[in-house]
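Per-entry structural report
Given next are the chains, with one letter for each unit.
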Amino acid sequence: MPSQRVPYLRGKVSNPRLILSRDRRGVRWTDAGQDLPTTPQRFDASCCVLGCQGFTVGRHCWEVEVARGRTWALGVARRSVPRKGWLEFQPEKGIWAMGRCGNRYRVFTSPITTFPATGETGRVRVALDYGGGQVTFYLAEREPPIFTFRKASFGGESVFPFFWVGRGSHLRLCP
């Protein structure tokens, strides 16, 4: 049975253009960057944030409400994902993600897989099976999944919930 404990967002690694909610479950993009200390762990160019808890074993899942915006991505990322410069969302680079850009969903495979998005997204469920090497995405409560990364190689490293927030977007972890 997967763990469904709601992760929190890790403010110490978030890009300065991202505003975290007080309860650290929501994140939104802002035009005005914040004056935050530069640290090796903080994303500087890509508007990303990680969850607080990483995973090295087991099955875990969480839901994300896409409250606003049509430009976002979410999934999992290795602890060692680069924090400086622009990120490439690819499994080879330690990121297993899907998202939306306008009226298309994108799965960040190599090359990118796209398919049409109709209406608002609502909720996305991310299911991680660390031992099985899988990351699966579901839209709302629908079955079957919209995509599954199979044979993901986490290399024994911790993976964290991963969020990229585009202009005008707002993502929120669901309780």
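The structure this text deals with has already been given above.
Our subject in this report is the structure included herewith. Bear in mind the structure is a predicted one, so any value in this text is a computation, not a measurement.

**Quick notes on the packing of aromatic side chains**
Under the counting rule described, the total for this entry stands at nine aromatic pairs. Note on Phe55 and Trp62: the rings are 6.0 Å apart at their centroids and 20° apart in plane angle, and the pair reads as stacked. As far as the burial class goes, Phe55 and Trp62 line up, both buried. Relative to Phe149, the ring of Phe137 has its centre 6.2 Å away and its plane inclined at 75°; by these criteria the two rings are edge-to-face.

**Overview of the sheet that holds strand β1 (residues 18-20)**
Consider a sheet: its strands pair through backbone hydrogen bonds, and that pairing is either parallel or antiparallel. Read across the sheet, seven strands follow the order β1-β2-β13-β4-β9-β10-β11 without closing on themselves; strand pairing throughout is antiparallel. Looking at the sheet topology across the chains shown, the edges are occupied by β1 and β11 (147-149). Put simply, the sheet's adjacent strands are angled 20° from each other on average, direction ignored. Where β1 meets strand β2 (residues 26-29), three bridges bridge the pair, whose relative direction is antiparallel. Residue pairing in the sheet places Leu18 in a bridge with Trp29 of β2.

**Topic: the environment of Gln134**
Note that Gln134 resides in strand β10 (residues 134-139). For the pair Gln134 and Ser153, spaced 19 residues apart in sequence, the C-alpha separation works out to 8.8 Å. Once you skip the residues sitting within four places of it in the chain, Gln134 turns out to touch Ala127, Leu128, Asp129, Thr148, Phe149, Arg150 and Phe154.

**Quick notes on the sheet that holds strand β8 (residues 113-116)**
Taken in spatial order, the six strands of this open sheet run β3-β12-β5-β6-β7-β8, and their pairing is antiparallel. Two strands lie at the open edges of the sheet, namely β3 (48-50) and β8, each paired on one side alone. Between one strand axis and the next, the sheet turns by 15° as a mean value, whatever way the strands run. Pairing analysis gives seven bridges linking strand β5 (residues 71-78) to strand β6 (residues 95-101), with the strands arranged antiparallel. Paired with Leu74 across the two strands is Met98, which belongs to β6.

How each quantity is defined
Residues numbered from 1 in each chain as written. Predicted model: local features only at pLDDT ≥ 70, side-chain atom pairs only at ≥ 80, totals over all residues. Heavy atoms only, no water. Phe/Tyr/Trp six-rings, centres within 6.5 Å; stacked < 30°, edge-to-face > 60°. Buried < 20%, exposed > 50% of the residue type's maximum accessible area, 1.4 Å probe, protein only. Pairing = 2+ DSSP bridges. Helix = DSSP H or I, 4+ residues; strand = E, 2+ residues; numbered from the N terminus. Axes fitted to C-alpha atoms, helices over the stretch in contact; angles between N-to-C directions. Contact = heavy atoms within 4.5 Å.

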